[in-house]
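One letter stands for each residue in the lines below.
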Amino acid sequence: MGTVAFGSLIIAIIRMIRTIFEYIESKLKKYNNELTRCLICLCKCCLWCLEKFMRFLNRNAYIMCAIKGTNFCTSARVRLMQFCNKKKARLLIIFHSYAT
């Protein structure tokens, strides 16, 4: 049960930060400053990407927890390393095929 709670807590914190940025954006709309609007939009975009990545990582960490019986952080780390190794192998194959 703690694994699900921890994964959900991470997502909730990211969503709360996104909500704070949306509130700040609504308050700053009346000043019509292009720079602040751009920075807020950039931060919201980065947080959206982070949330999507964490949802992906949570799902895979939950699967690893169920299979191996490890805690959330260990499962997330193992799954992330497996994912990165697969991507590296694919990139090496692609670059090698273009080099020849």
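Every value quoted in this text rests on a predicted model; they were computed, and no experiment measured them. (Residues numbered from 1 in each chain as written. Predicted model: local features only at pLDDT ≥ 70, side-chain atom pairs only at ≥ 80, totals over all residues. Heavy atoms only, no water.)

(A) View of helix α1 (residues 2-28). Under the 1.5 Å per step criterion, the end-to-end length of α1 is 39 Å for 27 residues, consistent within 8% with the ideal 39 Å. Regarding α1, the residues found buried are Gly7, Ile11, Ile14 and Glu25. (Helix = DSSP H or I, 4+ residues; strand = E, 2+ residues; numbered from the N terminus. Expected span 1.5 Å × (residues − 1). Buried < 20%, exposed > 50% of the residue type's maximum accessible area, 1.4 Å probe, protein only.)

(B) A look at the pattern of salt bridges. What the rule picks out here adds up to five salt bridges. The closest approach of N and O atoms between Arg15 and Glu51, which form a salt bridge, is 3.0 Å. Linking Arg15 in helix α1 with Glu51 in helix α2 (residues 34-68), this pair joins segments that are 36 residues apart in sequence. You can call Glu51 buried: its relative accessible area is 3%. Close ionic contact of Arg55 with Glu51 constitutes a salt bridge, the shortest N to O distance being 3.3 Å. Placement of the pair is Arg55 and Glu51 together in helix α2, with a separation of four residues, close to one helical turn. Taken together, the shared-partner salt bridges in this structure form one network comprising Arg15, Arg18, Glu51 and Arg55. (Salt bridge = Lys/Arg side-chain N within 4 Å of Asp/Glu carboxyl O.)

(C) Summary view of unusual backbone geometry. At Asn32, a position not held by glycine, the phi torsion is positive, near 55°. Assignment of secondary structure puts Asn32 in the loop between α1 and α2.

(D) Representation of the nonpolar core within the structure. Of all hydrophobic cores here, the largest spans eight residues; its members are Ile11, Ile14, Leu47, Met54, Leu57, Ala61, Phe72 and Ala76. Listing elements by their share of this core, those giving two or more residues are α1, α2 and α3 (72-99). Contact partners of Ile14, with chain neighbours within four places excluded, come to Leu47, Leu50, Glu51 and Met54. (Core = buried A, V, L, I, M, F, W, Y, C linked by side-chain atoms within 4.5 Å. Contact = heavy atoms within 4.5 Å.)

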